[in-house]
Structures are given as structure tokens and as C-alpha cells.
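Working through the structure, step by step
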Amino acid sequence: MTDGPFKPTPQSAAKDREKSPFSRYENYVLSAGKMVAEGRYQDAIRSLQDPEIPRRFGIGIREGRGLRLLSKPPSHEKLRGIRTRIALSSWFHIEQREIELGELSASPGVEVPEELWHDVALIYLHEWLHGLQLLTGGSLTDQADDEIDIGIYLINHGIPLTVNYIEMDGLEKFLDVKPE
Ligand SMILES: [Zn+2]
């Protein structure tokens, strides 16, 4: 989500961005996306919490409201609620040029399901990609809606989405196969 009026203009941007001054930022996001594709969700999360690369582009990273899992195992419905709360604690603040990332942690002995780490990694990628939209001043795909734009970008780059992500951003109609 973003909290400002910024709306990207559609353009076939992928080719233009190859030599763009923002490719370092984009490559960093995509390397975290690759970790997600490999199932290394927590590595991706750690990588996306590192402020070094965004700082070079004048974008900050701030810790958002945290959520701590106290008991186990969370039911499917509860997982969904947790995912939603992390998403609502995560923002791209356009005016302040700041990525805010809601944190997930767990009490000792409580195992966080991989599915949930996957959701959190996607939320972080999503907010970073709002940063890329701002830097490039355009949409990342041919989509005018900035939320859908990010979903399609993730799909185009082979980054696996979760059912929660697909439902929350209404991406069903862009997928050939319905997720299980
Ligand atoms: Zn968003």
C-alpha cells in the first residue's frame, strides 16, 4: 500500500530500465525474489530489511509495528489474520520516501509456518517495488493500478505468490491457473 496520490503511468518500461540508474535497486529486489522462489523466505526478509541499497537512492527503511507469535500452531484462519496485520503494518510512504516493514517474530519454541514467512517476504517485496515505481516514475508493467502492477511484475519474474497475496490484491484474473 501507499499513502499518497502517486499513480504510475503505464509504459513498457522493462526494456527502458535495463540501463536505468535504478537497475541496482531493481536487481537487489530481484535477488530477494529469487530467494523467495528458492523457498529461502527468511533470507529474503533479512535482505529486504537491510537499508543500504535503498539509502543510496534516498529511500529509508523503518521498522513497522511488530507481531509476535506466542503459541502454536496457528490455524489456517489465524494465519490469514496474521498475514493481514503484517500487511497493514507495512507501507511505502511516498512523501517521506520510506519503506515501513511490519515485523514478525515468535516466542522461543514457537515455530512460524513457512507459509507465513513466504507471505511476509512477499509483503516486503511489494513495498520495495512501490519504491521502484517512485524511482522510475512509471508502472513496472503495462498496468495502471499500482497494486496490480506489482502483482503482475512478481508473476512476470517467476516469483511464486501465496493464495493470501493473490486474494488480497485481486490477482486471480491474471493467473492462468487457479492456485490450490
Ligand atoms: Zn501496495
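What comes next concerns the included structure. Since the structure is predicted, the reported quantities are computational estimates derived from the model, not experimental observations.

Each value, and the rule that gives it
Residues numbered from 1 in each chain as written. Predicted model: local features only at pLDDT ≥ 70, side-chain atom pairs only at ≥ 80, totals over all residues. Helix = DSSP H or I, 4+ residues; strand = E, 2+ residues; numbered from the N terminus. Buried ≥ 20, exposed ≤ 12 C-beta atoms within 10 Å, placed from the backbone. Contact = placed C-beta atoms within 7 Å. Pairing = 2+ DSSP bridges. Axes fitted to C-alpha atoms, helices over the stretch in contact; angles between N-to-C directions.

1. Side note on the overall build of the protein chain
Counting its secondary structure elements, the protein chain contains eight helices and three strands. Counting from the amino terminus, the protein chain carries its helices and strands in the arrangement α-α-α-α-β-α-β-β-α-α-α. Within the span of the protein chain, comprising 180 residues, buried residues form 32% of the whole. Counting contacts in the protein chain only where the partners sit at least 6 residues apart, residues at least 24 apart contribute 70% of the total.

2. A few points about the sheet that holds strand S1 (residues 60–69)
One open sheet accounts for three strands, arranged S1-S3-S2; its pairing is mixed. A strand with exactly one partner marks an edge of an open sheet, and here the two such strands are S1 and strand S2 (91–93). Each neighbouring strand pair of the sheet contributes to a mean axis angle of 25°, computed without reference to strand direction. Here S2 runs beside strand S3 (residues 98–106); their pairing, made up of three bridges, is antiparallel. Among the inter-strand pairings, Trp-91 is bridged to a residue of S3, identified as Glu-100. Helix H6 (residues 114–136) contacts S2 and S3 of the sheet and is inclined by roughly 170° relative to S3.

3. Brief notes about the pairing of S3
Across eight bridges, the pairing between S1 and S3 is parallel. Its bridge partner being in S3, Glu-63 is matched across the sheet by Leu-101.

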